[in-house]
Amino acid sequence: MDFERLLLTDSSELFKFSIEFDDVAYLLLIDTFSKAPKSFGEKILDDDFIPNSNHIVAKCGMRRELSTEERESILSFAESMLSFKPSIDYTIDFFYVDKELESGYPEGQGVIDLVDVVNTVFKTEIVIKNPSSINNIIQK
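Reference entry: report on the structure contained in this document. Predicted, not measured: the structure shown is a model, and the values here were computed from it.

1. Some points on the packing of aromatic side chains
Counted under the stated rule, the structure contains six aromatic pairs. With a centroid separation of 6.3 Å and 70 degrees between ring planes, the pair formed by Phe-3 and Phe-15 is classed as edge-to-face. One end of the pair, Phe-3, is in strand β1 (residues 2–8); the other, Phe-15, is in strand β2 (residues 12–19), with twelve residues separating them in the sequence. Here Phe-3 falls in the partly exposed class, since its relative accessible area comes to 48%. Assessed through its relative accessible area of 2%, Phe-15 is described here as buried. Each ring, one from Phe-17 and one from Phe-77, has its centre 5.1 Å from the other, and the planes form 90 degrees; the classification is edge-to-face. With a gap of 60 residues between them, Phe-17 in strand β2 and Phe-77 in helix α2 (residues 68–82) connect regions that are remote in the sequence. Phe-17 gets classed as buried once you look at its relative accessible area, which sits at 2%. Taken together, the ring pairs connect Phe-3, Phe-15, Phe-17 and Phe-77 into an aromatic cluster. Stacked on the ring of Phe-94, the Lys or Arg Arg-71 has its end atom at 3.8 Å from the ring centre.

Rules used throughout
- Residues numbered from 1 in each chain as written.
- Predicted model: local features only at pLDDT ≥ 70, side-chain atom pairs only at ≥ 80, totals over all residues.
- Heavy atoms only, no water.
- Phe/Tyr/Trp six-rings, centres within 6.5 Å; stacked < 30°, edge-to-face > 60°.
- Helix = DSSP H or I, 4+ residues; strand = E, 2+ residues; numbered from the N terminus.
- Buried < 20%, exposed > 50% of the residue type's maximum accessible area, 1.4 Å probe, protein only.
- Lys NZ or Arg CZ within 6 Å of the ring centre and 35° of its normal.

Pasting the structure below:
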């Protein structure tokens, strides 16, 4: 499975996973820059949850049902991305997406349009302050 970063902001990254040019899934990682809320931990560990310093919201929009191998590949990818960040809490929320997210290496308004679609599909509030930053090698 191939992956491509579609978007990088100060707090979020969006990746596209594909097989032979067919989009399989999109993974959105959002750093909240805060501890996970108590409700996050209660879903996992009941009342014994003690939050770490960093809460990452991770959402995977699937274009179709994933095979076990594909799902494990995405989980492994997320773990490898997030393992560098100390003291984190995250789970990945998998859901179906009926829309392809196209970037086509957008500039200016194209970046804004992509972010608008991402915000709708993933129910997020990503803000792009400088659309031309997509042209930077490292977009932070």
